[in-house]
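Coordinates in review
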Amino acid sequence: MSDVTRLASPEIDLSVPPLGARRLLGRRTYVAKVSLATCAAVVVLWWLAAWLEVVPAMFLPSPVAVTAKFFAVSSDGFQDATLSQHLLASVGRVIVALGGAIILGVVLGFAMHVSETARGVVEPLLEFYRPIPPLAYLPLVIIWFGIGELAKILVIFLGILPSIIIATNEGLTSVPHDTVNAARSLGATRLQVIQLVLLPHALPNIMTGTRIGLGTGWATLVAAELVAATRGLGFMIKGAADFLVTDVVILGILVIAAVAIVMELALRLIQRTLAPWQGHQ
Amino acid sequence: MAILALKDVVVRYGVGTDESVTALDGVSLTIEPGSFVVALGASGCGKTTLLNLMAGFLQPTSGSATLDGRPIEGPGSERGVVFQHGALMPWLNVIDNVAFGLRLKGMPRKGRYERARAMLRLVGLEGMEERRIWQLSGGMRQRVGVARALTADPDVLLMDEPLGALDALTREQMQELILDVWMRTRKSIFFITHGIDEAVFMAGKLLVMSPRPGRIVAAIDLEFGRQFTEGAKAGQIKAQPEFVAMRERVKEFVFSSHQLAEATL
C-alpha cells in the first residue's frame, strides 16, 4: 500500500523524458565533442612520443615537422611536383573512376533487375572478381593496358564498381509492388515506371553504394599509383618511403584522409538533399 | 459511364504444383455506373484477388473480366486504384503525388496542378500541396491516395481496404468523406473491407465473401450510404433498428460461411 502511495507521490517524476529533436541534437554535439577530444589526444600523444624521442625522429617525425613539410611540399614540391599537383592527379583519377563506375554500375544494376539474362551474365562475373583484392589483379591490368593513366583509372574503377551495382540492385528489389502498381494503374508505361518510380526509389541506395565505393576507390588509389606514376599522392608516399622521408609519408596519409573525409561529407550532403525522405518511410 | 463485369471467374495460384490454391471459384459480379459495391470478408477470401483482376494486375485462370464488354488486359487509367497502405511516392510532395497520373500523360505543369488542386479540395486537403508525404497522418495519406486516383478521372474507383490501417475515429471520418466524394463525383466504387459495420453503412450493393475457395455467398442491396449522402447523420443511421438488424444478419452470414469453410477443411 505504501509503495502505491509512494509511486503516486508528486516528488517522484515518473514521466519518460521525450526523445525529441533537442535531446537528439544534444547527443550529437556530445558525440562530436568526444570525437574532437579523441583526435586532440592522438595528436598530443604523437607529439609527446616524438618530443621524448621514444623512437628516432627518422621513424616518427613530430607533428611540427610534418606541418613544416606540408608548407615545404606545398611550395617547393616533392619529386618534381607540388602537393597540390600530386593531390590533383589523385583526385582526378578517383573522380573519373567514380563517375564511370556510377554510370556503368547503375546501368548494370537496372539491367539485372529488368532482365534475367543480364542477371545471369553479370552475377557470376561480379561475384568472381569482387572478392579479389585490386592489388592481386593490378599486374594483369598493367600487362593488358600498359602503365599509363588508363590502367590506373581502370583499377580504381574496378574497385568501386561492385558496391554500386549491388547497391543499385538492392534499391530496386526493395521497391514496393503497390507503388509500381499505383503508377501502372495511372497509365505508366514500362519506361515511365523505370524513370519515375524505380530510379527515384533506388536513389538513396545508389548514393550509399557510391559512398562505400569511394572508400574502396581511395584504398585502391595508392596501389594503382605504385607503378610507373609520376604524380599522385600514392606515388608521393611510395617515393618518400623509398628514401625514408617519413614526414612526407605521414603528410601524404593525412592528406588522403582529409580529402576522403571532405568527399564523404559532400556525398552525405548530396544524399540528404536528393533523398530527404530516407529514414522517414 | 462504364460497366465493369466479372463472369464465372476462377483464379488459381501455383497451377501445376502440389500447392495449387484456388483463390476465387466461379465469381460473377457487375459494377453498374455510379454504384457503390462493397466486398466484405475475412482475410483469405479472395477480396484483394478480386480487385487485382479488375485493376488488371492479374489475369483470371478461367472466366472473363471486362470493362464495357472489352476484356481487361492490364492496368489502365480508366480504373483508379486506392491502396491499403497508400502506395504514395515519398520523393514527391503532396501535389506532385496527386498530379502523377497527369504527368504520365504529358500534361503541362500548370494544367495538372490546377486539376490536382481541385481534387485536393474535394478530399479536404487544400493548403497541404507542398507537404512531404512523411509529414502526413495515416488518414491524410489515404486522402492523397483518393485524390491521386480521382485526378486521372477514372470510370471506376477500386479501393483495397483503404481504411484498414486507420484508427477508429479517423476511420469513421474517412467513411463519410468517401461517401461524400462518391456523391460529388458519381464514380462507380468497388470497396474492400473486413469491417461489418463499415460495409453495411457504406454499401449500395454488399457482397459477402467466404474463404477457401473465395466465393460470393450473398449479395445484398442496401441504402444506408445513400441516406447519408441525402443528408442524414451517420450516427442516426447507425442507431436505426433497421441498421442494427441488418448488421447482425450480415454478421451471421460472415460467421456461418466461415464455419462452413472450416468444416470442409
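The structure presented is a predicted model; accordingly, all values stated were derived computationally and were not measured. Sequence order as written defines the numbering, with residues in each chain counted from 1. Each chain is given a letter, starting from A, and each ligand a number, starting from 1, according to the order in which they appear as written. A pLDDT threshold of at least 70 governs which residues receive local features in this predicted model, and a stricter bar of 80 or more applies before side-chain atom pairs are shown or counted, although totals over entire chains, interfaces and linings include all residues.

1. Notes on the nonpolar core
By convention the nonpolar core is taken to be a set of buried residues drawn from Ala, Val, Leu, Ile, Met, Phe, Trp, Tyr and Cys and joined through C-beta atoms within 7 Å. Think of it as a crowd count around each C-beta: if 20 or more other C-beta atoms lie within 10 Å the residue is buried, if 12 or fewer it is exposed, and in between it is partly exposed, with C-beta placed from the backbone throughout. Membership of the largest hydrophobic core comes to 131 residues, with the highest contact counts inside it found for Val 38, Met 54, Phe 190 and Leu 206 of chain B. A pair of residues counts as a contact when their C-beta atoms, built from backbone coordinates, are within 7 Å of each other. With near-sequence residues (within four places) excluded, Leu 206 of chain B lies in contact with Val 38, Leu 40, Ala 199, Val 200, Ile 220, Leu 222 and Val 250 of chain B.

2. A few points about the interface of chain A and chain B
Tallying the contact residues gives 15 residues for chain A and 21 residues for chain B. Elements supplying a minimum of two residues to the side of chain A that touches chain B: helix 8 (177-185) and helix 9 (190-225) of chain A. Top contributing element to the side of chain A that touches chain B by residue count: helix 8 of chain A, with six residues. Residue classes follow a fixed rule: Ala, Val, Leu, Ile, Met, Phe, Trp, Tyr, Cys and Pro count as nonpolar, while Asp, Glu, Lys and Arg count as charged, and any other residue, Gly among them, counts as polar. Here the side of chain A that touches chain B is built from residues that sort into six nonpolar, seven polar and two charged. Only DSSP runs of H or I with at least four residues qualify as helices, and only runs of E with at least two residues qualify as strands; both kinds are numbered from the N terminus onward.

3. Quick look at the pairing of strand 3 (residues 36-40) of chain B
Successive side chains on a regular strand alternate, one facing one side of the sheet and the next facing the other. All names here are of chain B. Of all five residues that make up strand 3, five are buried, and the element is covered over most of its length. By the convention used here, strands pair only if DSSP detects at least 2 bridges between them. Both strand 3 and strand 9 (residues 205-210) contribute to a ladder of four bridges, which runs parallel. Note on strand 9: the bridge partner recorded for Leu 40 is Val 208.

4. Examining the environment of Gly 204 of chain B
Residue and element names in this part refer to chain B. Of note, Gly 204 is situated in the loop between helix 7 (196-202) and strand 9. Classification of Gly 204 by C-beta neighbours within 10 Å gives buried; the count is 20. Note: C-alpha distance between Gly 204 and Arg 226 (22 residues apart in sequence) is 7.4 Å. Apart from the residues within four sequence positions on either side, Gly 204 is in contact with Ser 35, Phe 36, Val 37, Leu 222, Gly 225 and Arg 226.

5. Structural notes on the packing of helix 4 (residues 83-114) of chain A against helix 5 (residues 116-129) of chain A
Residue and element names in this part refer to chain A. Angles here are taken between N-to-C directions and fall from 0 to 180 degrees, while the axes themselves are lines fitted to C-alpha atoms, restricted in helices to the stretch in contact. One way to put it is that helix 4 packs onto helix 5 with a least axis distance of 6 Å and a crossing angle of 125 degrees. Of the possible angle classes, the one that applies to helix 4 and helix 5 is oblique. The handedness of the crossing between helix 4 and helix 5 is left-handed. Residue-level inspection shows Leu 108, Ala 111 and Met 112 of helix 4 in contact with helix 5, the latter providing Ala 118, Arg 119 and Val 122. Partitioned by chemical class, the residues of the contact of helix 4 with helix 5 number five nonpolar, no polar and one charged. Put simply, angles under 35 degrees are roughly parallel, angles over 145 are roughly antiparallel, angles from 65 to 115 are roughly perpendicular, and the rest are oblique. Left-handed is the label given to a crossing in which the near helix is rotated counterclockwise from the far helix by less than a right angle, and right-handed is the label when the rotation is clockwise.

6. A closer look at the packing of helix 3 (residues 63-76) of chain A against helix 11 (residues 246-274) of chain A
All names here are of chain A. Following both chains from N to C, one finds helix 3 and helix 11 inclined at 80 degrees, their axes separated by 9 Å at the closest point. Taken together, helix 3 and helix 11 sit at an angle that is classed as roughly perpendicular. Contact residues: helix 3 offers Ala 65, Val 66, Lys 69, Phe 70 and Val 73, while helix 11 offers Asp 247, Val 248, Ile 250 and Leu 251. Residues of the contact of helix 3 with helix 11, tallied by class, amount to seven nonpolar, no polar and two charged.

7. Some thoughts on the sheet that holds strand 7 (residues 156-159) of chain B
Residue and element names in this part refer to chain B. Within the open sheet, the six strands sit side by side as 6-7-8-3-9-10. Their pairing is mixed. Of all the strands in the sheet, just strand 6 (79-82) and strand 10 (215-221) have a single pairing partner and so form its edges. The mean angle between the axes of side-by-side strands here comes to 20 degrees, regardless of whether they run parallel or antiparallel. Along the sheet, helix 1 (residues 47-55) contacts strand 3, strand 6, strand 7, strand 8 (188-193) and strand 9; its crossing angle with strand 8, the most-contacted strand, is approximately 155 degrees. Along the sheet face, helix 5 (residues 138-151) touches strand 6 and strand 7 and points at about 170 degrees away from the line of strand 6.

8. Thoughts on the pairing of strand 4 (residues 62-67) of chain B
Residues and elements named next belong to chain B. Across five bridges, the pairing between strand 1 (residues 4-13) and strand 4 is antiparallel. Considered in strand 4, the bridge of Lys 7 is made with Ser 64. Here strand 4 pairs with strand 5 (residues 70-71) via two bridges, running antiparallel. What sits directly across from Thr 66, in strand 5, is Pro 71. Between strand 4 and strand 5, which pair antiparallel one after the other, the connecting turn spans two residues, and Asp 68 there sits at a positive phi close to 55 degrees.

9. Some points on the confidence of the model for chain B
Confidence scores labelled pLDDT are given residue by residue by the predictor and lie between 0 and 100. When pLDDT is averaged along chain B, the result is 89; 97% of the residues meet or exceed 70. For this predicted complex, the interface score ipTM comes out at 0.89, while the overall pTM is 0.81.

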